[in-house]
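Each chain, written out:
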Amino acid sequence: MIEPEQLRLRPVEPADEAFLLSVYASTRADEMQRVPWNAEQKESFVRMQFAAQQRHYAAENPRASHDVILLQGSPVGRIYVDRRLDSIHILDITVLPQHRNQGVGSHVLGRLLTEARQLEKPVTIYVESFNPSISLFERLGFRKEREKDFQFLLKWQAQH
């Protein structure tokens with residue numbers, strides 16, 4: 001397990017594009033193994049979807065922070081957060097597969113929940129119903145607020 005002081009966030013920089021693409025690609029890896037495309041087709045599809053996701057986040061959440069998660073100075077994931085007037089909404093948190101289940105996500109989310117508690121705001125995130133990270137969010141106190149299609153809106157609220 002990692003120690004909290006080994007983790008920090010830093011704003012995304014233009015030089016992070018290849019890393020961010022690799023983080024995004026890791027979220028589509030299982031899916032890409034099931035399609036009958038060659039490597040070039042898969043890469044093209046993932047690049048196109050990554051660009052679409054970036055455009056969507058920028059258009060829908062222009063004030064959101066986009067940070068790289070660093071473990072002992074090395075990038076291991078990303079977290080995008082929109083700090084709204086009435087809530088803190090996590091657009092995305094992804095840790096590279098080789099760094100999962102070591103406490104990275106728990107520590108990063110724990111810091112965000114501490115911030116939310118101090119600001120007396122709820123934290124929300126949309127998660128696909130088949131995403132294994134749902135159990136992490138539930139352990140941290142998130143509850144299903146809504147279900148739409150194949151997505152859950154999870155919400156954390158500080159207990160008073």
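Use the structure listed above.
Residues numbered from 1 in each chain as written. Predicted model: local features only at pLDDT ≥ 70, side-chain atom pairs only at ≥ 80, totals over all residues. Heavy atoms only, no water.

A. The packing of helix α1 (residues 17-34) against helix α2 (residues 39-60), seen in detail. Two elements in contact, α1 and α2, have axes separated by 9 Å at closest approach and are oriented at 120°. Between α1 and α2, the crossing angle belongs to the class labelled oblique. Between α1 and α2 the crossing geometry is right-handed. Touching Glu17, Leu20, Leu21, Tyr24, Ala25, Arg28, Glu31, Met32 and Gln33 of α1 are Lys42, Phe45, Val46, Arg47, Gln49, Phe50 and Gln53, all from α2. Each residue belonging to the contact of α1 with α2 can be placed in one class, and the counts come to eight nonpolar, three polar and five charged. (Axes fitted to C-alpha atoms, helices over the stretch in contact; angles between N-to-C directions. Helix = DSSP H or I, 4+ residues; strand = E, 2+ residues; numbered from the N terminus. Parallel < 35°, antiparallel > 145°, perpendicular 65-115°, else oblique. Left-handed = near helix turned anticlockwise from the far one by under 90°. Contact = heavy atoms within 4.5 Å. Nonpolar A, V, L, I, M, F, W, Y, C, P; charged D, E, K, R; others polar.)

B. Quick look at the layout of surface pockets. Put simply, the largest pocket is a space of about 1700 Å³. Taken together, 46 residues make up the lining of the largest pocket; nearest its centre are Thr27, Ile93, Thr94, Glu128 and Asn131. Elements with a contribution of two residues or more to the lining of the largest pocket: α1, α2, β4 (88-95), α3 (104-119), β5 (123-128) and α4 (134-139). Broken down by element, the lining of the largest pocket gets its largest block of residues, eight residues, from α1. In terms of residue class, the lining of the largest pocket is made up of 18 nonpolar, 17 polar and eleven charged. (1 Å grid on protein atoms, 1.4 Å probe; cavity = no way out; pocket = protein on both sides within 12 Å on 5 of 7 lines; lining within 4 Å. Points joined across faces, edges and corners; volume = space filled by probe spheres on them.)

C. Region of interest: the packing of aromatic side chains. Under the definition given, this model contains five aromatic pairs. With 5.9 Å between their ring centres and 50° between their planes, Tyr24 and Phe50 make a pair best called tilted. Highlighted residues: Tyr24 in helix α1 and Phe50 in helix α2, separated in sequence by 26 residues. Phe50 carries the same exposure label as Tyr24, and that label is buried. (Phe/Tyr/Trp six-rings, centres within 6.5 Å; stacked < 30°, edge-to-face > 60°. Buried < 20%, exposed > 50% of the residue type's maximum accessible area, 1.4 Å probe, protein only.)

D. Just the environment of Gly110, in detail. Along the chain, Gly110 falls in helix α3. We classify Gly110 as partly exposed; its relative accessible area is 25%. Residues Gly110 and Leu140, spaced 30 residues apart in sequence, show a C-alpha to C-alpha distance of 7.8 Å.

So yeah, pure geometry; function would need other evidence.
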